[in-house]
Amino acid sequence: MVGIAFIEKLLNLDSSHSYTIITCGEESHLAYNRVALTEYLQHRSIEKLYLNQKDWYARQPVDRFEFFTGETVVHLDPSKKEVRTSKERVLEYDICVLATGSHSAMPSYLPPPRLQKTRGIFVYRNIADLDNILSYAEKNPGGRAVVVGGGLLGLEAAKAVYDLEEVKDVAIVNRQAYPLSRQLDNDGGDIVLRRIEAMGVQVLTHASVRDIITSPSPSDPSIDILTGLHLSGGSHDAEQIDCMLVIYAIGITPRDDLARSAGIKTEKRGGIVVDDSLMTSAKDVYAIGECASWKGETYGLIAPGIEMADILSFNLTQTNGFKPRKMNAPDLSTKLKLMGVDVASYGDFFAEKRLSSSSSTKKVIAPPPASAPSAPEPATSVPLSGTQTQLAKPPSPSPKGEKKSVWETVPVAAPLGTSAPAPTTVAQAEAESGEGGEKKKKHGHGPPEDGPIECLVYRDPFGGVYKKYIFSADGKYLLGGMMVGDTSDYVKMVALVKKKKQLEVSPSQFILGAGGAKGGGEDGDDLDDDTQICSCHNVAKGDIINCVNAGMDNLSDIKVKTKAGTGCGGCMPLVTSIFKSAMTASGHTLTNHLCPHFPHSRADLFHITKIKKLKTFTEVMEASGTNKDAVGCEICKPAVGSILSSIWNEHVMQPVHHQNQDTNDRFMANIQRNGTFSVVPRIAGGEITPDKLIVLGQVAKKYNLYTKITGGQRIDLFGAQKQDLPDIWAELVEAGFESGHAYGKSLRTVKSCVGTTWCRYGIGDSVGLAIQLEERYKGIRSPHKIKGGVSGCVRECAEAQSKDFGLIASDKGWNIFLAGNGGATPRHATLFATDVPPSKVVRIIDRFLMYYIQTADKLMRTARWIEQFEGGIERLKKIILDDELGICADLDRDMDELVGTYADEWKTIVEQPERKKQFRQFVNTDKRAPQIEEITERGQARPADWPKAFPPVKMSVKDIATPKDQWTWKRMAKVDDLTPTDAGTTSAAVKYGDSQISIFHVPKRGYFATQQMCPHRRAFVLDHGIIGDDAKGNMYISCPLHKRNFKFDDGECLNDEEYSIITFDVREEEDGHLSLLLPEEDALDAVLGTSKWMVRQATAEALGRGSAGQIEFVGPDGRILGEEPKGCNGADTGSGCGNSKLEW
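Residues numbered from 1 in each chain as written. Predicted model: local features only at pLDDT ≥ 70, side-chain atom pairs only at ≥ 80, totals over all residues. Heavy atoms only, no water.

An unreviewed UniProt entry lists the chain under the name Nitrite reductase [NAD(P)H], from Sistotremastrum suecicum HHB10207 ss-3. Under the UniProt heading Pathway (unreviewed entry), the note attached to the chain is "Nitrogen metabolism; nitrate reduction (assimilation)." (UniProt positions renumbered as here; feature names shortened; annotations may be inferred.)

Below you can see the structure in the form of structure tokens.
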């Protein structure tokens, strides 16, 4: 990462083109983000970690930048100024920069020969390490993984294996008393320790590994298999722990072997010695990053490495008339999320420990006298009561009658073995410590960091929050600190420390909430322009503002320009806020328009549709769209469809509405990755009779459906063929089931505990109220899904405080919580009203939901809605509880009318047999074609695994052996099969030999046809997609799985240049048939045959272990397909285009 940062900076600063840069990297990948290495286990795509996508490399002039991957420099000759690579390439240089990084340290009991013959031992440094861990865990599932080391890297590794399904248990062996001992003190580390153990991870403190335990491999006695570890230290002496794999994260060793062999001076303990200019002992040879040792120190964090890259690139390009920059003590502030815990340390965060062993701590501030004076005194030092070093020990009791403080000041202790010094005043301490010093200021005072200190500590073990602020003894300067659990003020604290500005508020305000800021939250408005926002790449707030002022109007370009957010990513919320503020300040308009087709927000469009009584998408487009003849797109069609349902609630499968339904609503079932669907009947409140349970079992058995109980107290039936859905639901409706609307942006469930029905602790009838609420709101469409919960007492078994609306019984009524959600960005619900009588509960929730439906943006959960709601939850209370706007009666009436329109959507389909034809797989045959190979796991059928990444493929007519001028017209369907209408688009699939083809009808535009398979995930689903057009008038079909948009005219993908599909000509015959211009079946099957492209388990096994680079996928014309998929607009992300998240 440091190497590519230096290259980027040098290319940018070298305006005279004085340098040609040649770089060699031993890994086969392009430079990637090692800070985000753990994310690789989630998406398994190296492209998503690339710091620069491949098109960036392609844009660099060859006379300025040349790079070689998979090629290591093995020899350096400073006298000849040349290097030799592992491929015997000899490169001459004028300047050589070593950015060789480091490798993981290994214990002495694992010399290389033993390590070579033992299986199950790993480190955690690069992609190859992660692939090896994944592969080994998949082959040896169900055991324990042990991580040795509790530092930053150790916790990263622990989180990685914790998330692997194949790993049953995780343990951390830590030599210290708590994790992160280099970033936190005892109390902060104690909070982290508690949080980790609460996850079910075993943490062995004061422990070391003495040796490994192995057994011979049954298949090869010369190979040893890891089975456990011998421990030592404290209570762990002679203890053993069983494990299937171990990851060592006990430190790093600078990679200085290349320099050492070249005679360049290195440190005895590792590291290439560099001076203040970063030059080594060899002329014109420099070292930066983890391999460099400056003043005897090496740095394993990215920020010091980026600073080195800054200095060296500046000195090589900008010193003509400018003084060269020199290396200074780097900022070691860090902010990370480890094992789900936010942790940060900044400034001189160990000043207490550092000063406790030096003479500067011999004077401290005296405790206050027993009788406090009437006038306020400066903060004083008293011991922190209740400080715990062992969780099992209770806090020390306070003197009788004395209340324990939530926050207290902490003194700097005298060195061990000495008595505490006599009290002195601040002035005395400053005078003594500053006397005669080199850094002495003109008024006789030394810099604040050299004087005595005071600490303020906030410790909340219940909320898992710990904050420590270190101040100069007079409270005028912030010197450093650490945070656990809440790091929201990190950027502001770092800025205060770096600038050494005198504080504008008293130290107590840091604990009480002001945080030293001028009044802002996390919007960045109160930060100075030179405040560092991104510590990974040293990006200041002003850099982002300058980009906006230079004309950049999107975050993607700003990230490319500044590198902000491309390291750990933790700065992105603040970067986004600064970007929005800068856009507004510079006169740019930040719109919340629905999409290019509608110059309105969703809320505005809702009210336009309601007031004008618009009933169809076509009417809405004609009344409010930018082009009344536009088709729409995959963004606006579902949004408008949701608005129409929220107002009029007409059946979503009516021809005028069916075109608007995306992915799941289209066939009223959740589409799965193999093109089948899930069936989810409503089980209100989680209450179900034995007879209904039996029906579900019988249906699942009859149709070979995979069954699973959900977190929402329902039963999911997976794997239903589209053509079977009406028959499945006919049996369920007859048994009394209704649609569970798991497919819609609507109410999902209202979860409940058993409450007073059974529980001895129950106070309220949680089951009864949950059923009442679910029956009331079932079927209503909203901007996003809605979930509820009802708990019968404060034990909260229904998890009501994580729902969009939740109720908890009290002895006086119900406490109502609003706007919570789980998911990727969880939010705890906010207490909205207390002790609400049961008769008042429904109306409050009515108003909340209706106001949300009418005013929220598209795809916005209630949690995000309330976060951006002007005035927040207090303002919402005034609107809903106090009727401040005078709209409560309207909200009540609107909700009554909406719930009054309810009709079970599946019952309607079952009672109208003519609708059944909409569910056929192919309209020209009753034959079925499987989409993905089916396998059996734990006694149930499921689709074979998708590989972690498919090679991209561009398909075209040229792949077909028969020239197009020899194709003939084939009758494939009837016009009626597509149920065409002037009110909306329609589609259907046909089978031709072993190939599948989609046919589409667009009012006023005619008929179109494409292959049925989306090449991105080999899914035969394009007939389920939304038809749209862009601003240029290009008609396209949007894949329902990952939103890749393929043009009807030539099959090119509009948002991913690595993919394309084959399109076909269609004509309508006079007798009502539709004919397609096609080659013979065999010729088309050779290119598009279902059996050729169907995903099988063997495919996943080949590609799924990261071995795509070791096999060749041969395309239709015999060419080898590329191995590294690109994302939108050619970006090498490997992800879906547009918003690749499936929003259900």
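**Student:** Is there a simple way to explain the overall build of the chain in this structure?
**Tutor:** Along the chain, the regular secondary structure elements total 31 helices and 51 strands. Relative to its full complement of 1144 residues, the chain shows a buried share of 53%. Partitioning the intrachain contacts of the chain with sequence separation of at least 6 by distance along the chain shows that 63% fall at a separation of at least 24. Total accessible area on the chain is roughly 51,000 Å²; 50% of this is exposed by carbon and sulfur atoms. (Helix = DSSP H or I, 4+ residues; strand = E, 2+ residues; numbered from the N terminus. Buried < 20%, exposed > 50% of the residue type's maximum accessible area, 1.4 Å probe, protein only. Contact = heavy atoms within 4.5 Å. Areas by Shrake-Rupley, 256 points an atom, 1.4 Å probe, with all protein chains shown as cover.)

**Student:** What's the story with the packing of aromatic side chains in this structure? I'm lost.
**Tutor:** In this description, an aromatic ring pair is defined by two values, namely the gap between the centres and the angle between the planes. Counting across every chain of the model gives 27 aromatic pairs. Geometrically, the ring pair formed by Trp906 and Phe919 is tilted, given 5.4 Å between the ring centres and 35° between the ring planes. Here Trp906 is found in helix α28 (residues 905-910), whereas its partner Phe919 is found in the loop between α28 and β38 (934-937), with 13 residues between them in sequence. Note on Trp906: relative accessible area 0%, which makes it buried. Judged by relative accessible area, which is 1%, Phe919 ranks as buried. Linked through ring pairs, Phe667, Phe677, Trp729, Trp906 and Phe919 together constitute an aromatic cluster. Lying over the aromatic face of Phe737, Lys692 brings its terminal NZ or CZ to 5.1 Å of the ring centre. (Phe/Tyr/Trp six-rings, centres within 6.5 Å; stacked < 30°, edge-to-face > 60°. Lys NZ or Arg CZ within 6 Å of the ring centre and 35° of its normal.)

**Student:** Which parts of the structure should I look at to understand the sheet that holds strand β51 (residues 1073-1078)?
**Tutor:** Strand pairing in a sheet relies on backbone hydrogen bonds, with the paired strands running either antiparallel or parallel. The strand order across the open sheet built from 3 strands is β40-β51-β50, with neighbouring strands paired in antiparallel fashion. The strands lining the two open edges of the sheet, one partner per strand, are β40 (968-974) and β50 (1066-1068). If you compare each strand with its neighbour and ignore which way they point, the axes differ by 30° on average. Strand direction decides the pairing type here: β50 and β51, joined by 3 bridges, are antiparallel. By the bridge assignment for β51, Glu1068 is matched with Leu1074. (Pairing = 2+ DSSP bridges. Axes fitted to C-alpha atoms, helices over the stretch in contact; angles between N-to-C directions.)

**Student:** In this structure, what is going on with the environment of Thr319? I would like to understand it.
**Tutor:** Here Thr319 lies in the loop between α9 (302-317) and β21 (334-338). Dropping the residues within four chain positions of it, Thr319 is found in contact with Phe314 and Pro324. Among the polar contacts made by the side chain of Thr319, one reaches the main-chain carbonyl oxygen of Asn315 at a distance of 3.1 Å. (Polar contact = N/O pair within 3.5 Å; in protein donor to acceptor, adjacent residues only side chain to side chain.)

**Student:** It is not clear to me how the side chain of Asp716 should be interpreted in this structure. Could you clarify?
**Tutor:** Relative to the assigned elements, Asp716 resides in strand β32 (residues 715-720). Arg714 provides the closest opposite charge to the buried, unpaired Asp716, separated from it by 5.4 Å. With residues near it in sequence (within four places) discarded, Asp716 still touches Val679, Val680, Tyr706, Thr707, Lys708 and Thr710. (Lys, Arg positive; Asp, Glu negative; His and termini not counted. Salt bridge = Lys/Arg side-chain N within 4 Å of Asp/Glu carboxyl O.)

**Student:** Explain empty space enclosed by the protein here, please?
**Tutor:** Over the atoms rolls a probe the size of a water molecule, and its path tells where empty space is left. The tally for this structure, following the rule as stated, stands at 6 cavities of 30 Å³ or more. Every residue lining the largest cavity is counted, 18 residues in all, and those nearest its centre are His658, Gln918, Asp977, Thr979 and Ser987. If you list the elements that add at least two residues to the lining of the largest cavity, you get α20 (655-658) and β41 (986-992). Among the elements that take part in the lining of the largest cavity, β41 stands out by supplying 4 residues, more than any other. Of the residues assigned to the lining of the largest cavity, the class counts are 6 nonpolar, 6 polar and 6 charged. (1 Å grid on protein atoms, 1.4 Å probe; cavity = no way out; pocket = protein on both sides within 12 Å on 5 of 7 lines; lining within 4 Å. Points joined across faces, edges and corners; volume = space filled by probe spheres on them. Nonpolar A, V, L, I, M, F, W, Y, C, P; charged D, E, K, R; others polar.)

**Student:** It is not clear to me how the sheet that holds strand β47 (residues 1035-1038) should be interpreted in this structure. Could you clarify?
**Tutor:** On the basis of which strands lie adjacent, the open sheet formed by 3 strands has the order β46-β47-β48 and antiparallel pairing. Unpaired on one side and paired on the other, β46 (1026-1029) and β48 (1045-1047) mark the two borders of the sheet. Mean inter-strand twist for the sheet, computed between neighbouring axes without regard to direction, equals 35°. Here β47 pairs with β48 via 3 bridges, running antiparallel. Note on β48: the bridge partner recorded for Ser1038 is Asn1045.

**Student:** Would you mind showing me how to read the pattern of salt bridges here?
**Tutor:** Pairing between side chains becomes possible if they bear opposite charge and their charged atoms approach one another. Overall, the coordinates contain 54 salt bridges when judged by the stated rule. A salt bridge links Arg827 to Glu867, with the nearest nitrogen and oxygen atoms 3.6 Å apart. With Arg827 in the loop between β36 (813-818) and β37 (830-836) and Glu867 in helix α25 (residues 862-868), this residue pair connects regions lying 40 residues apart in the sequence. Judged by relative accessible area, Glu867 falls into the partly exposed class, the value being 48%. Asp1065 serves as the salt-bridge partner of Lys964, at 3.5 Å between the closest nitrogen and oxygen. Of the two residues, Lys964 is situated in the loop between β39 (940-943) and β40 and Asp1065 in the loop between β49 (1063-1064) and β50; the sequence distance between them amounts to 101 residues.

**Student:** Would you explain the environment of Asp1029 in this entry?
**Tutor:** Inspection of the secondary structure assignment puts Asp1029 in strand β46. A residue is classified by how much of its surface remains accessible, and Asp1029, at 5% relative accessible area, is buried. Note: C-alpha distance between Asp1029 and His597 (432 residues apart in sequence) is 9.3 Å. Excluding residues within four positions of it along the chain, Asp1029 makes contact with His597, Ala630, Val631, Gly632, Cys633, Arg1005, Asn1034, Met1035 and Tyr1036. Polar contacts involving the side chain of Asp1029 include one to the side chain of His597, which spans 2.8 Å.

**Student:** Where do I start with the packing of helix α1 (residues 2-13) against α9 in this structure?
**Tutor:** Helix-helix packing is described using two parameters, namely the angle between the two axes and the distance between the axes. Taken N-terminus to C-terminus, the directions of α1 and α9 make an angle of 30°; their axes are 9 Å apart at the nearest point. When the axes of α1 and α9 are compared, the pair comes out roughly parallel. In the crossing of α1 with α9, the sense of the turn from one axis to the other is right-handed. Counted together, Val2, Ala5, Phe6, Lys9, Leu10 and Leu13 of α1 and Gly305, Ile306, Ala309, Asp310, Leu312, Ser313, Phe314, Leu316 and Thr317 of α9 form the full contact between these two elements. Residues that form the contact of α1 with α9 fall into these classes: 10 nonpolar, 3 polar and 2 charged. (Parallel < 35°, antiparallel > 145°, perpendicular 65-115°, else oblique. Left-handed = near helix turned anticlockwise from the far one by under 90°.)

**Student:** What is the right way to look at α9 in this model?
**Tutor:** In an α-helix there are 3.6 residues to a turn, and that puts residues three or four apart on one side. Helix length check: α9 (16 residues) gives 23 Å between terminal C-alpha atoms against 22 Å at 1.5 Å per residue, within 8%. For α9, the buried fraction is high: 13 of the 16 residues fall into the buried class. (Expected span 1.5 Å × (residues − 1).)

**Student:** Is there a simple way to think about the pairing of strand β31 (residues 706-709) in this case?
**Tutor:** Two faces belong to every sheet, and in a regular strand the side chains alternate between them. Alignment of β31 against β32, held across 4 bridges, turns out to be antiparallel. Note that in β32 the partner of Thr707 across the bridge is Leu717.

**Student:** Can you walk me through the layout of surface pockets in this structure?
**Tutor:** Estimated volume of the second largest pocket: approximately 710 Å³. Lining the second largest pocket are 24 residues, with Glu8, Lys9, Asn12, Lys561 and Thr562 positioned closest to its centre. Those elements giving two or more residues to the lining of the second largest pocket turn out to be α1, α9, α14 (541-549) and α15 (555-562). Ranked by the residues each element gives to the lining of the second largest pocket, the list is headed by α1, at 6 residues. For the lining of the second largest pocket, the class distribution of residues is 8 nonpolar, 8 polar and 8 charged.

**Student:** Could you clarify how one ought to interpret helix α7 (residues 186-198) in this entry?
**Tutor:** With 13 residues, α7 extends 18 Å between its outermost C-alpha atoms, agreeing within 8% with the 18 Å of an ideal straight helix rising 1.5 Å per residue. In the stretch just after α7, Gly200 is the one whose phi turns positive, near 95°.

**Student:** Please explain the environment of Met493 as it appears in this structure.
**Tutor:** Here Met493 lies in helix α12 (residues 490-499). Of the residues examined, Met493 reaches a relative accessible area of 0% and is grouped as buried. A sequence separation of 11 residues divides Met493 from Met482, and the C-alpha atoms of the two residues are 9.8 Å apart.

**Student:** Looking at this model, I keep getting lost on unusual backbone geometry. Mind explaining?
**Tutor:** It is generally the case that most residues other than glycine have a negative phi and that most peptide bonds are trans. Even without being glycine, Asn704 reaches a positive phi, approximately 55°. Within the secondary structure, Asn704 is located in the loop between α21 (690-702) and β31. One non-glycine residue, Ala819, lies in the positive phi region at around 65°. Turning to its location among the elements, Ala819 is positioned in the loop between β36 and β37.

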